[in-house]
Amino acid sequence: MIKDFILELVEMGLLNASYRIYFEISKKIGLLESKFNSLSCDYIDKAQDINSDYSLNGLILGAEINSINNFYSTFPNEKHLLINSANEICDNKITIFNLKDFYWGEEINWNLDPVSNREWPIGTHWSKININDERYGDIKYNWELNRHQHFYTLGRAYKVTNDEKYAKKFVLHLESWINQNPHELTSNWYSNLEIALRAISWIYGWEFFKDSPSFDDNLKKRFLKYLYLMGEHIEKNLNLSKYCISNDHIIGDCAGLLLIALAFPQFKRSDVWKKKCIKELWYQINRQVFSDGVYFAYSVNYQRFVAQFYILIINILDKKNIQIPQFVINKFKRMLDFFNEMVLEEGKLPSIG
């Protein structure tokens, strides 16, 4: 055990190891519980952290969403598959890893492990939850569901059909998640990366459903308050990823936080988030991607995961006429060149690394 600790210390470096020790001690003695204190959404009104005008000014995904109808008109079989998938979600059947079209019950319990059938603690500060506690199961199953990536499927189905049932399911899932996950008080507040991925899904959901009569003003206001709290949490915990998980995690954290800032510039911290995240994202692509376009983890799947964040961010920044450094464009193109060289005949990438 001592040998493993020394090896990890050497690999991480003194600064990174010191921050990890500080973080773990802070968890034990309650400093993190104090720093990430659970807040009622009412405090946002008092602090005026979000503008009372919470309408969106045509935002960042409009062109992408408007192209959806053209795509599915061109490929009707894909439309059929999309509608089938969205209908499964409406029946609360959502695929997670090896659980194909898993039925999550009449009402989804967002803190229930689907394999152990045990509920992760509710009402407990995330810093006090042991996510490696095998009694509850593998936290990755729970986190995967709570990324809410199925909102994108519901949104596309809504766009091509105008069927309100998809908007109603989005609203139901959004509202039940907020009710079941008080600020900072479940395992779904534990990981910055998971929060960032969920924030991206929520923003897509907003874009698809913001004009739906099912998505009323009261829920929109709760949505924005929770999204702001997600952004605050990510910002407060960025150093953990920066010093201790300085790989796809710091990239995902910054991509999610930047998307919040770009989507909702009326948030009080949006300008700070935007500047901080753009700077970090450019630094990390330069650090984590080699000159030949290979990701430093030597994993095709992780490279694809990271590339997806940069595709999203570079595309949005370009549309908003925000200058992107040439070295970022060069590194990103080389990542794509690597995929082009590695792709198999059937159009898939090999699982290497």
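Preceding this section is the structure that the text describes.
Computed from a predicted structure; not experimentally measured.

Participant: Before we move on, could you go through the overall build of the protein chain and cite the residues and values that matter?
Facilitator: On a plain count of helices and strands, the protein chain comes out with 17 helices and two strands. Burial statistics for the protein chain: of 353 residues in total, 51% are counted as buried. In the protein chain, 74% of the contacts between residues at least 6 apart in sequence involve partners at least 24 apart. In the structure as shown, the protein chain presents an accessible area of about 17,600 Å², 50% of it carried by carbon and sulfur atoms.

Participant: I'd love a proper account of a nonpolar patch on the surface, names of residues and values included.
Facilitator: Taken together, the side chains of Ile21, Tyr22, Ile25, Ile29 and Leu31 present a nonpolar region at the surface, about 480 Å² in accessible area. Among the elements that line the nonpolar patch, the one with the most residues is helix α2 (residues 14-29), at four residues. Examined against the element boundaries, Ile21 turns out to sit in helix α2. When its relative accessible area of 40% is taken as the criterion, Ile21 is described as partly exposed.

Participant: Just give me the short version of the pattern of salt bridges, but keep the residues and values in it.
Facilitator: Counted by the stated rule, this structure contains nine salt bridges. For Glu144, the salt bridge goes to Arg147, with nearest N and O atoms at 3.5 Å. Of the two residues, Glu144 and Arg147, neither departs from the other in class, the shared state being buried. Sharing partners across several salt bridges, the network here consists of Arg20, Glu24 and Lys27.

Participant: An account of the packing of helix α14 (residues 248-263) against helix α16 (residues 300-319) is needed here, citing residue identities and associated values.
Facilitator: Two elements in contact, α14 and α16, have axes separated by 10 Å at closest approach and are oriented at 25°. As judged from the angle between their axes, α14 and α16 are roughly parallel. Pair α14 / α16 crosses with left-handed handedness. Packed against α14, whose contacting residues are Asp248, Ile251, Gly252, Ala255, Leu258, Leu259 and Leu262, the element α16 presents Tyr302, Phe305, Val306, Phe309, Tyr310, Leu312, Ile313, Ile316 and Leu317 at the interface. Residue classes in the contact of α14 with α16 are distributed as 14 nonpolar, one polar and one charged.

Participant: For the packing of aromatic side chains, give the residues involved together with the corresponding values.
Facilitator: In total, this model carries 34 aromatic pairs according to the counting rule given. Taking 5.1 Å as the distance between ring centres and 45° as the angle between the ring planes, the aromatic pair formed by Tyr158 and Phe209 counts as tilted. Of the two residues, Tyr158 sits in helix α9 (residues 150-161) while Phe209 sits in helix α11 (residues 192-209), which places them 51 residues apart along the sequence. When sorted by exposure, Tyr158 lands in the same class as Phe209, which is buried. The lysine or arginine in question, Lys220, covers the ring of Trp206, its NZ or CZ lying 5.9 Å from the ring centre. A cation sits over an aromatic face here: Lys220 above Phe215, 5.7 Å from the ring centre.

Participant: Tell me about the pairing of strand β1 (residues 93-96), and name the residues and values.
Facilitator: Successive side chains on a regular strand alternate, one facing one side of the sheet and the next facing the other. With burial as the criterion, only one face of β1 is covered, namely that bearing Ile94 and Ile96; the residues Lys93 and Thr95 on the opposite face remain uncovered. The sheet contact formed by β1 and strand β2 (residues 99-103) spans three bridges and is antiparallel. If you follow Ile96 over to β2, its bridge partner there is Leu99. Connecting β1 to the next strand, β2, in antiparallel fashion are two residues, including Phe97 with a positive phi near 50°.

Participant: A description of the nonpolar core should follow, citing residues and the corresponding values.
Facilitator: Ranked by internal contacts, the top residues of the largest apolar core, which has 107 residues, are Trp202 and Leu227. With twelve residues, the top contributor of residues to this core is α11. Not counting the four nearest positions on each side in its chain, Trp202 is found in contact with His148, Phe151, Leu174, Trp177, Ile178, Phe223, Tyr226, Leu227 and Met230.

Participant: I'd like to hear about the packing of helix α12 (residues 217-236) against α14, residue by residue, with values.
Facilitator: Direction vectors running N to C along α12 and α14 enclose 140°, while the axes themselves pass 10 Å from each other. Classified by the angle between their axes, α12 and α14 sit oblique to one another. Note on packing geometry: the crossing formed by α12 with α14 is left-handed. On α14, the residues that touch Leu227, Gly231, Ile234 and Glu235 of α12 are Asp253, Leu257 and Ile260.

Participant: Which residues make up α16, and what are the values?
Facilitator: Counted at 1.5 Å a residue, the expected span for α16 with its 20 residues is 28 Å, and the 28 Å between its end C-alpha atoms agrees. If you check which residues of α16 are buried, you get Val300, Gln303, Phe305, Val306, Ala307, Phe309, Tyr310, Leu312, Ile313, Ile314, Ile316 and Leu317. Where α16 ends, the next residue or the one after it, Asn321, has phi of about 60°, a positive value.

Participant: Which residues make up the state of the cysteines, and what values do they have?
Facilitator: Following the criterion strictly, the structure yields zero disulfides and no others. Here Cys254 is not disulfide-linked; the sulfur of Cys277 is the nearest cysteine sulfur, at 4.3 Å. For Cys254, a relative accessible area of 1% translates into the label buried.

Conventions we followed
- For every chain, the first residue of the written sequence is number 1, and numbering continues from 1 along that sequence.
- Local features in this predicted model are restricted to residues whose pLDDT is 70 or higher, and side-chain atom pairs enter the listing and the counts only when it is 80 or higher, whereas totals over whole chains, interfaces and linings include all residues.
- Values shown for side chains rest on all heavy atoms present in the structure; no hydrogens or waters enter the calculation.
- For helices the rule is a DSSP run of H or I covering at least 4 residues; for strands it is a run of E covering at least 2, with both sets numbered from the N terminus onward.
- Buried means the residue's accessible area, taken with a 1.4 Å probe over protein chains only, is under 20% of the maximum for its type, while exposed means over 50%, and partly exposed covers the values in between.
- In what follows, residue pairs with any heavy atoms lying within 4.5 Å of each other are defined as contacts.
- Shrake-Rupley sampling with a 1.4 Å probe provides the accessible areas, and residues are treated as covered by the protein chains on show and by no other component.
- To count toward a patch, a residue needs a relative accessible area above 30% and no salt bridge. Like charges then connect within 9 Å, nonpolar side chains (Val, Leu, Ile, Met, Phe, Trp, Tyr) within 5 Å.
- Any carboxyl oxygen of Asp or Glu within 4 Å of a side-chain nitrogen of Lys or Arg constitutes a salt bridge here.
- Axes here refer to lines fitted to C-alpha atoms; in helices the fit is confined to the stretch in contact. Angles between the N-to-C directions go from 0 to 180 degrees.
- Roughly parallel means an angle under 35 degrees; roughly antiparallel means over 145; roughly perpendicular covers 65 to 115; every other angle is labelled oblique.
- Helix crossings fall into two classes, left-handed where the near helix is turned counterclockwise from the far one by less than a right angle and right-handed where it is turned clockwise.
- Lys, Arg, Asp and Glu make up the charged group, whereas Ala, Val, Leu, Ile, Met, Phe, Trp, Tyr, Cys and Pro make up the nonpolar group; the residues left over, Gly among them, are polar.
- Think of it this way: a Phe, Tyr or Trp ring, Trp meaning its six-membered ring, pairs with another when their centres are within 6.5 Å, and the plane angle makes it stacked under 30 degrees, edge-to-face over 60, tilted otherwise.
- Placement of a charge over a ring requires the Lys NZ or Arg CZ to be within 6 Å of the ring centre, with the centre-to-atom vector within 35 degrees of the ring normal.
- Pairing between two strands requires that DSSP report at least two bridges joining them.
- For our purposes a nonpolar core is just a set of buried Ala, Val, Leu, Ile, Met, Phe, Trp, Tyr and Cys residues, chained together by side-chain atoms within 4.5 Å.
- Each residue after the first adds 1.5 Å to the expected span of a helix.
- When the sulfur atoms of two cysteines come within 2.5 Å, that pair is taken as a disulfide.

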